[in-house]
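# Working through the structure, step by step
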Amino acid sequence: QYNSIELKIFVNAIQGAEKMKGIFDMKSPNYLITITFEDKTFSRYLLWLHNNGGSFMNEKDLNTLYKLPTDLIVDFSRYVQ
């Protein structure tokens, strides 16, 4: 996204996420997000959003789950739908 407010919400959500290590039994993700960088490289993230929380994983590291901050779920959800 080129909108700086949307980008800040994504960055804040990712930076504020709680890192959890282990093996997780997860349902299929609600979303697959691709982030493309200026140098044309990209990262893909599996995203699960619920009314009371959310989490994500980097597609290349399925043994690390990041729990999104609950105070950002509403804003975050608004921009991915």
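What you see is a predicted model, and the numbers here were worked out from it, not measured in a lab. (Residues numbered from 1 in each chain as written. Predicted model: local features only at pLDDT ≥ 70, side-chain atom pairs only at ≥ 80, totals over all residues. Heavy atoms only, no water.)

### Considering the overall build of the protein chain
- Tallying secondary structure elements over the protein chain gives two helices and five strands in all.
- Listed N to C, the secondary structure of the protein chain is α-β-β-β-β-β-α in terms of helices and strands.
- In terms of overall size, the protein chain behaves like a compact globule, its C-alpha atoms giving a radius of gyration of 12 Å where 81 residues would be expected to give roughly 12 Å.
- Summarising its shape, the C-alpha atoms of the protein chain cover approximately 35 × 30 × 20 Å along the three principal directions.
- The burial tally for the protein chain puts 33% of its 81 residues in the buried class.
- For the protein chain, the share of sequence-separated contacts (at least 6 apart) that also reach a separation of at least 24 residues comes to 43%.
- Here the protein chain displays about 6,100 Å² of accessible surface, and carbon together with sulfur accounts for 51% of that area.
- Across the protein chain, the centroid of the 9 positively charged side chains sits 2 Å from that of the 9 negatively charged ones. (Helix = DSSP H or I, 4+ residues; strand = E, 2+ residues; numbered from the N terminus. Rg over C-alpha atoms; globule rule 2.2 N^0.38 Å. Buried < 20%, exposed > 50% of the residue type's maximum accessible area, 1.4 Å probe, protein only. Contact = heavy atoms within 4.5 Å. Areas by Shrake-Rupley, 256 points an atom, 1.4 Å probe, with all protein chains shown as cover. Lys, Arg positive; Asp, Glu negative; His and termini not counted. Charge placed at Lys NZ, Arg CZ, Asp CG, Glu CD.)

### Observations concerning the pattern of salt bridges
- In the structure shown here, the tally under the stated rule is one salt bridge.
- One salt bridge connects E59 with R44, and the closest N-O pair in it is separated by 4.0 Å. Linking E59 in the loop between β4 (53-58) and β5 (61-67) with R44 in strand β3 (residues 42-50), this pair joins segments that are 15 residues apart in sequence.
- Take E59: its relative accessible area is 36%, and that puts it in the partly exposed class.
- For R44, a relative accessible area of 32% puts it in the partly exposed group. (Salt bridge = Lys/Arg side-chain N within 4 Å of Asp/Glu carboxyl O.)

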